[in-house]
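Residue strings, one per chain:
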Amino acid sequence: QVLLVESGGGLVQAGGSLRLSCAASGRTFSWYAMGWFRQAPGKVREFVAGISRVGGDTYYGDSVTARVTISRDNTKNTVYLQMNSLKPEDKAVYYCAAGVKLTATPDYAHWGQGTQVTVSS
């Protein structure tokens, strides 16, 4: 079992930046590929970014490419999502997820409870 706890969400003005963190505890963090997803009210959960077990591979959703960067620190059991040039449409609850395979689909075994990101125009 892996426990994931997100932090770093909040209210930011359009054009601003946020850095989300996801701290993992439990099983060995480096066993897992990690993903960030988001879900806005009334919408399906959307892939934002993913990173492989040791960070060699990263993938990004089409709606955020070039504005976000995913990274991980396996010594701190933490994955990060740096988000720049935020837009009002980025408003959502952001979730991190852990799984055995890096994928853009929500086929991850473990999920955090999410952190709210709100972008004012």
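In the block above lies the structure referred to throughout.
Report follows, based on the coordinates. Along every chain, residues carry numbers that run from 1 in the direction the sequence is written. The predicted origin of the model limits local features to residues at a pLDDT of at least 70 and limits the giving and counting of side-chain atom pairs to 80 or more, whereas totals for whole chains, interfaces and linings rest on all residues. Side-chain measures were taken over the full set of non-hydrogen atoms in the model, leaving aside hydrogen atoms and water.

1. Some points on the sheet that holds strand β7 (residues 68-73)
The four strands lie next to each other as β1-β3-β8-β7, forming an open sheet whose pairing is antiparallel. Edge positions in the open sheet fall to β1 (2-7) and β7, since each of these has one partner strand only. Here the average twist between neighbouring strands, direction ignored, is 15 degrees. One bridge is not enough; two strands pair if DSSP finds at least two bridges between them. The helix count covers DSSP runs of H or I at least four residues long, the strand count covers runs of E at least two residues long, and both are numbered beginning at the N terminus. Between N-to-C directions, angles span 0 to 180 degrees; the directions come from axes that are lines fitted to C-alpha atoms, helices contributing only their stretch in contact.

2. A few points about the environment of Pro-106
The residue Pro-106 is located in the loop between β9 (92-99) and β10 (110-111) in this model. Of the residues examined, Pro-106 reaches a relative accessible area of 46% and is grouped as partly exposed. Spatially, the C-alpha atoms of Pro-106 and Leu-18 are 23 Å apart, while their sequence positions differ by 88 residues. In contact with Pro-106, not counting residues within four places along its chain, are Phe-37 and Trp-111. Only protein chains enter the area calculation, which uses a 1.4 Å probe; residues under 20% of their type maximum are buried, those over 50% are exposed, and those in between are partly exposed. In what follows, residue pairs with any heavy atoms lying within 4.5 Å of each other are defined as contacts.

3. As for the state of the cysteines
Note on terminology: disulfide denotes any pair of cysteine sulfur atoms within 2.5 Å. Evaluated as defined, the whole model comprises one disulfide. With its sulfur 1.9 Å from that of its partner, Cys-22 forms a disulfide with Cys-96. Around the S-S axis, the bridge from Cys-22 to Cys-96 shows a dihedral of about 40 degrees and counts as right-handed. Taken together, the positions of Cys-22 in strand β3 (residues 18-26) and Cys-96 in strand β9 put the pair 74 residues apart, joining distant regions of the chain. Since its relative accessible area comes to 0%, Cys-22 is described here as buried. Overall, the relative accessible area of 0% leaves Cys-96 in the buried class.

4. Quick word on the packing of aromatic side chains
Ring pairs are drawn from Phe, Tyr and Trp, using the six-membered ring of Trp, whenever the two centres fall within 6.5 Å, and their geometry is named by plane angle: stacked under 30 degrees, edge-to-face over 60, tilted for the rest. In the structure shown here, the tally under the stated rule is four aromatic pairs. When the centroid spacing of 5.5 Å and the interplanar angle of 70 degrees are considered together, the rings of Phe-37 and Phe-47 count as edge-to-face. With Phe-37 in strand β4 (residues 33-39) and Phe-47 in strand β5 (residues 46-51), this pair connects stretches of sequence that are ten residues apart. You can call Phe-37 buried: its relative accessible area is 0%. Aromatic pair Tyr-108 and Trp-111: ring centres 6.3 Å apart, planes at 80 degrees, arrangement edge-to-face.

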